[in-house]
Amino acid sequence: MGVIRGFFLVVVSALLFLSIFSAISFGILSASLNYDNVQNKSVSIAHDFLQKDGNLTSAISSNYPYIQIYCQNNSNYVFSAGGYTFNVSCANAMKGQNEFIDDGIKNLVHQIYYTSYSCNFLDCFKSNEIPVFLLSEHTHDFLGGKSRLFLLISFLLFVPLFLLTKKKENSSIILGIFLIIPSLLFMKLDLFFTSSNKMISQFLNLFFSQSFPIALGILIAGIVLLAFGIIFKIFNLGLSMSNWFSKIKEKQLENKKSEAKKATGKQVKKKK
């Protein structure tokens, strides 16, 4: 029975770790792809792209004087580029060329993010040459759903883990370790994003921009569970030692009582 219990404990532990790791991964990706975060990060990435694309930059610069004239009597400037229609506020356009570009980028991000994609997540890669759908609410919801699914699986796997461990405090220690290991990895995830291509590094940082705060919270939770298990184990050890000393004292008292009985028995015999 001990070998069978040990085998199932190893299997359940491995599955639990993979499930926790998946839940954290999908949760970080989903949190990083919320609308405000995508919009803010995309503006800086797009600026770097525009600086590299000389044709696009020169086109905006050459047309900007006309845009200023147009915006003197209008509230919005509408133009098309790359298959998207931009509706830029003239109030921002009149502030300067950078503000005009920022407003255009935010407008583009809004269109991409809230576009309704009828394809499944994996099928969207086939139907889109450029996977812009990754920066969308569609992807955000998909990843959030996967995170919740693996969180539920992790909870269900913890139940047999708890039942299979002989000393129940060990289940808390194991769960704490399984939370600490991936949290430390995601806290140092930026070390793996040192790509020679700055654009790729920026996109990776966008997708994992919420890794540190989420990983920090999980790390704290893991440390608390680990400490709880260790303290409980120490408490049980102290309790068992206390019981051990109590048994020794009881034996000593029993020995003294037996010796006292023997002594009184000898005295009775002498009197007779």
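Residues numbered from 1 in each chain as written. Predicted model: local features only at pLDDT ≥ 70, side-chain atom pairs only at ≥ 80, totals over all residues. Heavy atoms only, no water.

1. Quick word on the environment of Leu18
Structurally, Leu18 is set in helix H1 (residues 2-32). Between the alpha carbons of Leu18 and Phe178 there is a distance of 9.1 Å; along the sequence they are 160 residues apart. (Helix = DSSP H or I, 4+ residues; strand = E, 2+ residues; numbered from the N terminus.)

2. Some points on the packing of aromatic side chains
Counted by the stated rule, this structure contains 14 aromatic pairs. Between Tyr66 and Tyr77 the ring centres are 6.5 Å apart and the planes differ by 75°, which places this aromatic pair in the edge-to-face class. Placement of Tyr66 in helix H3 (residues 54-71) and of Tyr77 in strand E1 (residues 76-81) is noted, with a sequence separation of 11 residues between them. Classification of Tyr66 by relative accessible area gives partly exposed; the value is 49%. Overall, the relative accessible area of 12% leaves Tyr77 in the buried class. (Phe/Tyr/Trp six-rings, centres within 6.5 Å; stacked < 30°, edge-to-face > 60°. Buried < 20%, exposed > 50% of the residue type's maximum accessible area, 1.4 Å probe, protein only.)

3. A short note on the state of the cysteines
As used in these notes, a disulfide is a covalent bond between sulfur atoms, one from each of two cysteines. Across all of its chains, the model carries two disulfides by this definition. A sulfur-sulfur distance of 2.2 Å marks the disulfide that ties Cys71 to Cys90. Handedness here is read from the sign of the S-S torsion; for Cys71 and Cys90, about -65°, the answer is left-handed. Taken together, the residues Cys71 in helix H3 and Cys90 in helix H4 (residues 90-93) connect sequence positions 19 residues apart. A residue is classified by how much of its surface remains accessible, and Cys71, at 6% relative accessible area, is buried. Residue pairing for Cys119: its cysteine sulfur links by disulfide to Cys124, the two sulfurs lying 1.8 Å apart. The disulfide joining Cys119 to Cys124 has a torsion of about 95° about its S-S bond and is therefore right-handed. Given the relative accessible area of 18%, Cys119 is considered buried. Here the cysteine-cysteine linkages of the protein are recorded as 1-2, 3-4, numbering only bonded cysteines and doing so in sequence order. (Disulfide = S-S within 2.5 Å.)

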